[in-house]
4 protein chains.
Amino acid sequence: MIVVMAPNATAQQRETVMGKVKDLGLQPHVIEGVARTVIGLVGDKTGLSLGFLETLPGVEKAVPIMAPYKLASKDTKQEPTRVRVGDVEIGGEQLVVMAGPCAVESEEQLLSAASSCAAAGAQILRGGAFKPRTSPYSFQGLADHGLKLLAEVAKETGMSVVTEVIRAEDVELVGRYADMYQIGARNMQNFALLKEVGRARKPVLLKRGLSATVEEWLMAAEYILSEGNYQVVLCERGIRTFETATRNTLDLSAVPVVQAQSHLPIVVDPSHGTGHWRYVAAMSKAAVAAGADGLIVEVHPDPDSAVSDGSQSLRPEKFRKLMEQLQVLAPACGRRL
Amino acid sequence: MIVVMAPNATAQQRETVMGKVKDLGLQPHVIEGVARTVIGLVGDKTGLSLGFLETLPGVEKAVPIMAPYKLASKDTKQEPTRVRVGDVEIGGEQLVVMAGPCAVESEEQLLSAASSCAAAGAQILRGGAFKPRTSPYSFQGLADHGLKLLAEVAKETGMSVVTEVIRAEDVELVGRYADMYQIGARNMQNFALLKEVGRARKPVLLKRGLSATVEEWLMAAEYILSEGNYQVVLCERGIRTFETATRNTLDLSAVPVVQAQSHLPIVVDPSHGTGHWRYVAAMSKAAVAAGADGLIVEVHPDPDSAVSDGSQSLRPEKFRKLMEQLQVLAPACGRRL
Amino acid sequence: MIVVMAPNATAQQRETVMGKVKDLGLQPHVIEGVARTVIGLVGDKTGLSLGFLETLPGVEKAVPIMAPYKLASKDTKQEPTRVRVGDVEIGGEQLVVMAGPCAVESEEQLLSAASSCAAAGAQILRGGAFKPRTSPYSFQGLADHGLKLLAEVAKETGMSVVTEVIRAEDVELVGRYADMYQIGARNMQNFALLKEVGRARKPVLLKRGLSATVEEWLMAAEYILSEGNYQVVLCERGIRTFETATRNTLDLSAVPVVQAQSHLPIVVDPSHGTGHWRYVAAMSKAAVAAGADGLIVEVHPDPDSAVSDGSQSLRPEKFRKLMEQLQVLAPACGRRL
Amino acid sequence: MIVVMAPNATAQQRETVMGKVKDLGLQPHVIEGVARTVIGLVGDKTGLSLGFLETLPGVEKAVPIMAPYKLASKDTKQEPTRVRVGDVEIGGEQLVVMAGPCAVESEEQLLSAASSCAAAGAQILRGGAFKPRTSPYSFQGLADHGLKLLAEVAKETGMSVVTEVIRAEDVELVGRYADMYQIGARNMQNFALLKEVGRARKPVLLKRGLSATVEEWLMAAEYILSEGNYQVVLCERGIRTFETATRNTLDLSAVPVVQAQSHLPIVVDPSHGTGHWRYVAAMSKAAVAAGADGLIVEVHPDPDSAVSDGSQSLRPEKFRKLMEQLQVLAPACGRRL
């Protein structure tokens, strides 16, 4: 943390700031510049609340220097983390593809979707049993019954299951059926939920919040890690911007940014990231080329009758074609599929 | 909903779309334009999932015409809703001011803050007992003990209490001590929580999500209303934009926009909205002039030692001065304070 | 500027950075922190290009401390600047209202608009003779003829004229007819144009770019000031965000932010800021309460036949009513109208 | 265009709207819905200003259906446009790489950069002779001398030249030395400049504005096309969002979006798109996989002494390594390099 004094700050005001800094157990370190005096704060700031420094007379602003996360940072762990889900490992050479419908609607729908996804090479089945929906009048998911269907169908098709948990009290229940918890974008800062999956001992797929910076996203991961669960996979799924041609703006630069700052693996969701099935294949390939460790793609056997997000789901034949293209692309990116 | 056909769509493709529309129980209504054919969908679309229409061959896009909320809309109720909290009514001629510290830290701190807020004219005491914090290493709130302190201090100072609830399972507990639930920005789309306060019978202060459109915000209100709780007050608290001079960008135009679309009252939080105490007074006055029904302002007796958000809290003397200015301003805006 | 070294930076790498810093004529000042070493750069950085520091091995990032503008800053000039346009002064106690049609369409239209604006109390006539339009097929303005009409009608109605200039080579021409140049949002970083009006000796109304930070806006002002023209008035006109309920998001917090950083006056454009006539009155009042030095409002005698931006223009009777409300509001905000 | 009437609109108000629509030479087409009446406008709307419809009593809103551009649209031309620059064609199977320094600084610097770029396989030399800089105190470019150096060095290294033109009056001058004009992000809506390059007969590289939607970008292209110059190549270079980990957010989904809407080729600038050399290689590969027709990359022989944007320039050896990776990647994406 660097405190920047106002140009007209008095010596007295500077002394007050230095006194407060020392009271916190930190050492102030003064640099007299041409136009400003700045005070560097040396010491461990974990858990300290330093925002008040900006309210002291004579202070212009306080500038943080360090990222606020620790366990998620490369400072703590240099080598990439690999997260095992069923038979596959996310974060290694192998590309991992999670695929399936937005929502679990029926056994027939799920089995049809899962069979074609597995046949095309997807390793993990996705599908929502609890659906956070913008409208209270929309389909809210099959809940427990949906979880059971996921587990059954996954077993039948030889896949693992990733599914969303939206309430802390459902973590135990979901964990009985799923191989990996999904924390949705809307819950990225649902701290009670993050702590609860942090106490669980299953991998977590942590989606980026719609308007979360990479730093806030890594802080959300830190909540999970700090409870003792180190099996966290990040998922870029688009951020909110002014552009309306796509539902969200898929921020693929988050892939190299996360890889520069953190040891955690990162996958990409081109379905929510664009909101239109037309753009899913192009962005899937781009994600792989950007260095993503995997993809999570919506596939529906019959999008015409999907109860949610039909416009961004791939039909099975389009998914199969995409997987064929990824088979060619992966080796050119130093990956295998 | 308007379906726009692609310029090269075939008659067959148009027939397919019309068939699907009829299958949903809606009437298709065709307009042949110069460059495009569009199909209007007539009928009640509540609960229908129409996104799949965009995946049909020959369809260019589907454009919604109606706002998706009903109970929150002026279509349903023209006259403004008034929400009573303790002795005051939000949404009437009187300006309502909620003030207090960001977090409840101790009885001494809370009593000191509340006394000065009440003396300056604030009617409702704010203060967090459960704090959703970006960092797991930050102060997380006094929980139950904080709630008790709020209730005691409010009684002592003749105020009502608004405080945040962050988990569905705490709604009953918080309701024992608070006069009004606050749903924070991060939980605006925590639908389980929205439903739970919707089943409670106390007023709800619903903050706008950091990247929520006004439409999504009103849909979140709809979740509460649709469970039978009509006592909802909206709170604009800044949205996330590219600008970094302020923590958020306070969107005061949301005040007239909400008033044009909904019957629900709206208040403004200039503290979170700007993130800097320096800008709180200017934006408080602007909010009142824009037509807000009230304000919620952070006041701390000693921001230097605040455990959270110290940089945006007003010291009591600055709050008193602001209230004096609002006393002058309110009548010029057709309000009384 | 603060250079933050990576945690694993070598002593050698730090020496290299310090050597480069000294080569630039600056003094490096090292602070050894617990987790990072930071190097403060002391000296005059005007005109230096320091971005390359981030490419040096062992450097994590470089953090600027000072605002990059000088002449526009309060460091250079503490007292507020007042800019005289015709008979009025912008930046003093008096609120200044600029009003008129978006585009000059005909003498009849302009005279009708100007007469009603003047009668309602507006002091400066606005109206575009050169129109930067998103579509090449839209009306592009009356050019020279429009300028002449503006000058004639202003004289007849006792007003001054502010009008947009969009090309450097038109600065002289526009200056012959206008009392104040307007630089539009799209041209905020048209540096050739900024320099040209900087060389002129007439006041400049500098609109904020659609996605410009306050800092970039003040840098644009710096271009004008650095050419010797100190008569610059800033104009907040809305920024681009994800919200679509309004055309732009009017960032009223820019008013106190600018006043904290700069001595230049600031006015607000609620017409472009919201894009809808319905919201213009509320946001005009909010702007005055936030501390703006004036307003610029679109008024059209007959918006039905306006050739541009009809949806955000006030009809004369609505403008008159707004001015009456401002007459009541201004004194409550320490202003007179 | 669809006009949506308010729920309480009178028959009289509807008649007025229909009358106005007919006055414009359009046919109104009424659809009576359950909750709203909507009026479709049939006919050619080119050049009409329809915004005023929203100001008519009883009108809730007006919703455009068609994209406002024509010549840039796939409606007008289905097959992809190919733009020839020197020996290469942009928009065909071949990937085109433009590379070079941000600014032309000296013959030595330019020749060194160009030689290494050409040796690595770049076909077009980039470099700015006129630099639009945020600060008036920054290096503004070598102007005419820079243009001459570009032409000489390009000849010597067997490359073509793309360089930015920032003023309409320089179009002729720049055209004497360059093979392709670059319109920078800040000038994307400098309509005078667009028209001028539209009258020239050389290819134009049109960068996307920092906060431009894809639609506005295509409208800017329309300005050039409508003057008769059909050789336009679009360049995605990052948009402004809330994320600060990168200078801009590179919107790679713009590649498939543009390809769905327009016949114009599109290239990507990962240097400005991310602002950090560390992320340039990952995003270059992602751009190619997303389907981009080419790249424009900043390469500097010695970024430590670059006078602008040093932090985003690749050193020659890193560029060479990137080109080797692209040699492998291109065939896997159906391209050749």
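Cut-off values and rules
- Residues numbered from 1 in each chain as written.
- Chains lettered and ligands numbered in written order.
- Predicted model: local features only at pLDDT ≥ 70, side-chain atom pairs only at ≥ 80, totals over all residues.
- Heavy atoms only, no water.
- Helix = DSSP H or I, 4+ residues; strand = E, 2+ residues; numbered from the N terminus.
- Buried < 20%, exposed > 50% of the residue type's maximum accessible area, 1.4 Å probe, protein only.
- Areas by Shrake-Rupley, 256 points an atom, 1.4 Å probe, with all protein chains shown as cover.
- Lys, Arg positive; Asp, Glu negative; His and termini not counted.
- Charge placed at Lys NZ, Arg CZ, Asp CG, Glu CD.
- Core = buried A, V, L, I, M, F, W, Y, C linked by side-chain atoms within 4.5 Å.
- Contact = heavy atoms within 4.5 Å.
- Buried area = accessible area lost by both parts, 1.4 Å probe.
- Salt bridge = Lys/Arg side-chain N within 4 Å of Asp/Glu carboxyl O.
- Polar contact = N/O pair within 3.5 Å; in protein donor to acceptor, adjacent residues only side chain to side chain.
- Least-squares fit on C-alpha atoms with pLDDT ≥ 70 in both.
- Phe/Tyr/Trp six-rings, centres within 6.5 Å; stacked < 30°, edge-to-face > 60°.
- Pairing = 2+ DSSP bridges.
- Axes fitted to C-alpha atoms, helices over the stretch in contact; angles between N-to-C directions.
- Expected span 1.5 Å × (residues − 1).
- Arc of directions from axis to C-beta.
- Parallel < 35°, antiparallel > 145°, perpendicular 65-115°, else oblique.
- Left-handed = near helix turned anticlockwise from the far one by under 90°.
- Nonpolar A, V, L, I, M, F, W, Y, C, P; charged D, E, K, R; others polar.

A. Layout of the overall build of chain A. In terms of regular secondary structure, chain A is built from 10 helices and 14 strands. Counting all 337 residues of chain A, 63% fall into the buried class. For chain A, the exposed area adds up to about 11,000 Å²; of that, 47% sits on carbon and sulfur atoms. A gap of 2 Å separates the mean positions of the 36 positive and 38 negative side-chain charges of chain A.

B. How the structure looks around the nonpolar core. Residues Leu-206 and Phe-319 of chain A together with Leu-206 and Phe-319 of chain D are the most contacted members of the largest nonpolar core, which totals 157 residues. Not counting the four nearest positions on each side in its chain, Leu-206 of chain A is found in contact with Ile-183, Met-188, Leu-194, Trp-217, Ala-220, Ala-221, Ile-224, Val-232, Val-233, Leu-234 and Cys-235 of chain A. Membership of the second largest hydrophobic core comes to 156 residues, among which are Ala-122 and Leu-329 of chain B together with Tyr-181 and Leu-264 of chain C.

C. Structural detail: the interface of chain A and chain B. Taken together, the contact pairs 50 residues of chain A with 50 residues of chain B. If you sort the residues of chain A by the area they bury against chain B, Thr-55, Tyr-137 and Asp-304 of chain A come out on top, with a joint share of 16%. Counting across the interface, chain A meets chain B through two salt bridges. Arg-240 of chain B is paired through a salt bridge with Glu-216 of chain A; the nearest N and O atoms lie 2.6 Å apart. Scanning the region where chain A abuts chain B turns up 23 residue pairs in polar contact (both at pLDDT 80 or more).

D. Highlighting the interface of chain C and chain B. Taken together, the contact pairs 34 residues of chain C with 34 residues of chain B. Where chain C abuts chain B, roughly 2,500 Å² becomes buried across the two surfaces, and 74% of that area is made up of carbon and sulfur atoms. Along the contact surface separating chain C from chain B lie two salt bridges. Residue Arg-208 of chain B pairs with Glu-243 of chain C through a salt bridge whose shortest N-O separation is 2.7 Å.

E. Here's a closer look at the relation of the copies chain A and chain B. Least-squares fitting of chain A to chain B yields an RMSD of 0.0 Å, with the transformation described by 0.0 Å of translation along the axis and a rotation of 180 degrees. The superposition operator between the copies reduces to a two-fold rotation axis. Among all residues of chain A, the one whose C-alpha sits closest to the rotation axis is Ser-211 of chain A, at a distance of 3.0 Å. In this assembly the copies share their binding face: 100% of the residues contributing to the interface of chain A also contribute to that of chain B.

F. Geometry of the packing of aromatic side chains. Residue and element names in this part refer to chain A. Taken as a whole and judged by the stated rule, the model has four aromatic pairs over all chains. Taking the centre distance of 4.5 Å and the plane angle of 20 degrees together, the rings of Phe-191 and Tyr-223 count as stacked. Taken together, the residues Phe-191 in helix H5 (residues 191-199) and Tyr-223 in helix H6 (residues 214-225) connect sequence positions 32 residues apart. For the residue pair Phe-191 and Tyr-223, the accessibility class agrees, reading buried in each case.

G. Up close: the relation of the copies chain C and chain B. Take chain C, turn it by 180 degrees, move it 0.0 Å along the axis, and it overlays chain B with an RMSD of 0.0 Å. Here 100% of the interface residues in chain C have copies in chain B that are interface residues too; the copies meet face to matching face.

H. How the structure looks around the sheet that holds strand S8 (residues 124-126) of chain A. All names here are of chain A. The eight strands are arranged S7-S8-S9-S10-S11-S12-S13-S14 in a closed barrel whose pairing can be described as parallel. When the angles between neighbouring strand axes are averaged without regard to direction, this sheet yields 25 degrees. Sheet analysis places strand S12 (residues 232-236) next to strand S13 (residues 266-268), joined by three bridges and oriented parallel. Paired with Glu-236 across the bridge in S13 is Val-268. Packed onto the sheet, helix H7 (residues 254-261) meets S12 and S13 and runs at close to 170 degrees relative to S13.

I. View of the pattern of salt bridges. By the definition in use, this model includes 66 salt bridges over all chains. Residue Asp-75 of chain B is joined to Arg-36 of chain D by a salt bridge in which the shortest nitrogen-to-oxygen separation is 2.6 Å. Remark: Arg-36 of chain D occurs in the loop between strand S2 (27-32) and strand S3 (37-42) and Asp-75 of chain B occurs in the loop between strand S4 (59-63) and strand S5 (83-85); the pair is interchain, linking two chains. The exposure class assigned to Asp-75 of chain B is partly exposed, which follows from its relative accessible area of 37%. Ionic pairing is found between Arg-208 of chain D and Glu-236 of chain D, a salt bridge with its closest N-O pair at 2.8 Å. Residue Arg-208 of chain D is located in the loop between strand S11 (204-207) and helix H6 (214-225), and its partner Glu-236 of chain D is located in strand S12 (residues 232-236); the two are separated by 28 residues in the primary sequence. On the accessibility criterion, Arg-208 of chain D (0% relative accessible area) is buried. Its relative accessible area of 0% is what places Glu-236 of chain D among the buried residues.

J. Here's a closer look at helix H3 (residues 144-157) of chain A. Residues and elements named next belong to chain A. In this model H3 runs 20 Å from its N-terminal to its C-terminal C-alpha over 14 residues, within 8% of the 20 Å that 1.5 Å per residue would give. Among the residues of H3, those classed as buried are Gly-146, Leu-147, Leu-149, Leu-150, Val-153, Ala-154 and Thr-157. The arc that holds the buried residues of H3, viewed along the axis, is 160 degrees, so those residues lie on one side. Across H3 from its buried face, at more than 90 degrees, point the exposed residues Lys-155 and Glu-156.

K. Molecular detail of the sheet that holds strand S1 (residues 2-5) of chain B. Residue and element names in this part refer to chain B. Within the open sheet, the four strands sit side by side as S2-S3-S1-S4. Their pairing is antiparallel. Of all the strands in the sheet, just strand S2 (27-32) and S4 have a single pairing partner and so form its edges. Taking the axes of each pair of neighbouring strands and ignoring which way they run, one obtains an average angle of 20 degrees across the sheet. In this sheet, strand S3 (residues 37-42) lies alongside S2 in antiparallel orientation, the contact comprising six bridges.

L. Expanded view of the side chain of His-300 of chain D. All names here are of chain D. Looking at the element boundaries, His-300 is found in the loop between strand S14 (294-298) and helix H10 (316-332). Note on His-300: relative accessible area 3%, which makes it buried. A distance of 3.3 Å separates polar atoms of two side chains, one belonging to His-300 and the other to Gln-109.

M. Focus on the packing of helix H2 (residues 107-120) of chain B against helix H10 (residues 316-332) of chain B. All names here are of chain B. Interhelical geometry of H2 versus H10 gives an angle of 15 degrees and a closest axis separation of 9 Å. Classified by the angle between their axes, H2 and H10 sit roughly parallel to one another. Crossing hand, H2 versus H10: right-handed. Across the interface between the two elements, Ser-116, Cys-117 and Ala-120 of H2 pack against Pro-316, Phe-319, Arg-320 and Met-323 of H10. A per-class count over the contact of H2 with H10 returns five nonpolar, one polar and one charged.

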